[in-house]
Amino acid sequence: QTCALPICFPVTIAGSDVVLVIGQTDERDIAASEYLAVLSGVEKGRLPVLDYELEAKTSGVILGLIEAGLLASCHDISQGGLAVALAESCFTPDGAMGVAVKAEASEIVRKDAAIFAETGARYVVSMRAADEAAVRRAVAEAGLVVGFAGVVGGEKITIEGCVDVSATACHERWAGGLSGLF
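Residues numbered from 1 in each chain as written. Predicted model: local features only at pLDDT ≥ 70, side-chain atom pairs only at ≥ 80, totals over all residues. Heavy atoms only, no water.

Peer 1: I would appreciate a short explanation of the sheet that holds strand S7 (residues 146-152) in the present structure.
Peer 2: Backbone-to-backbone hydrogen bonds join strands into a sheet, with any given pair of strands oriented parallel or antiparallel. Within the open sheet, the 7 strands sit side by side as S2-S6-S1-S7-S5-S8-S9. Their pairing is mixed. At either margin of the open sheet sits one strand with a lone partner, and together these are strand S2 (73-76) and strand S9 (163-166). With direction set aside, neighbouring strand axes in the sheet form an average angle of 15 degrees. Pairing between strand S5 (residues 99-103) and strand S8 (residues 156-159): 3 bridges, direction parallel. Bridging from a neighbouring strand, Ala100 pairs with Thr158 of S8. Helix H3 (residues 81-90) rests against strand S1 (18-22), S2, S5, strand S6 (123-127), S7 and S8 of the sheet, and its axis sits at about 150 degrees to S8. (Pairing = 2+ DSSP bridges. Helix = DSSP H or I, 4+ residues; strand = E, 2+ residues; numbered from the N terminus. Axes fitted to C-alpha atoms, helices over the stretch in contact; angles between N-to-C directions. Contact = heavy atoms within 4.5 Å.)

Peer 1: Explain the pattern of salt bridges here, please?
Peer 2: It is possible for side chains of opposite charge to pair when their charged atoms get near one another. Per the stated rule, a full pass over the model turns up 8 salt bridges. Note that Arg28 and Asp26 form a salt bridge whose closest N and O atoms lie 2.7 Å from each other. A salt bridge links Asp29 to Arg46; the nearest nitrogen and oxygen atoms lie 2.7 Å apart. With Asp29 in the loop between S1 and helix H1 (34-40) and Arg46 in the loop between H1 and helix H2 (52-67), the pair connects residues that are 17 residues apart, well separated along the chain. Here Asp29 falls in the buried class, since its relative accessible area comes to 2%. (Salt bridge = Lys/Arg side-chain N within 4 Å of Asp/Glu carboxyl O. Buried < 20%, exposed > 50% of the residue type's maximum accessible area, 1.4 Å probe, protein only.)

Peer 1: Got a minute to help me understand the pairing of S8 in this structure?
Peer 2: On any regular strand, side chains alternate: one points to one face of the sheet, the next to the other face. Of the two faces of S8, only the one carrying Ile157 and Ile159 is buried; Lys156 and Thr158 on the other face are not. Judged from the 4 bridges that link them, S8 and S9 form a sheet pairing that is antiparallel. By the bridge assignment for S9, Thr158 is matched with Asp164.

Peer 1: So what exactly am I meant to see when it comes to the side chain of Ser73 here?
Peer 2: Along the chain, Ser73 falls in strand S2. Overall, the relative accessible area of 2% leaves Ser73 in the buried class. Here the side chain of Ser73 touches Ser126 through a polar contact of 2.5 Å, side chain to side chain. (Polar contact = N/O pair within 3.5 Å; in protein donor to acceptor, adjacent residues only side chain to side chain.)

So this is what it looks like as structure tokens:
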């Protein structure tokens, strides 16, 4: 499985990898999100602001990290926000593995915005623990932030204070698509 952007590659993360969410969440970007459309049928509101300079800078850093061989995986954060991108990154052909992350550089007040906002210029990346310092240095040198950080492992997908669900149950729901809904 790959994402639509040309700078991404297979998104499956491996046990014991470090996970970083590069980019800052804007809680206003929950408006007009997939989350609000599904939860309340609201399909209107302020669209996320598209900052071309930030998009270019962030994707440039990601591309550089990929070319340097520092990333094990990369997934853009878009439709569905962090929760969906993180879950999809945990899915393997054989099922799912867990991951636990917590906020590092976040001013998020609303928990739903922290996990479902569709703010652009954000990526879920994973790497070997030995490469974490180099990745963080590249992110900081570009003037970007790590919004969330954590590790791969266990049987749950956890975003501290917001989400604590079975990775297997998420994978089954995702793999089943619309079956069973009608």
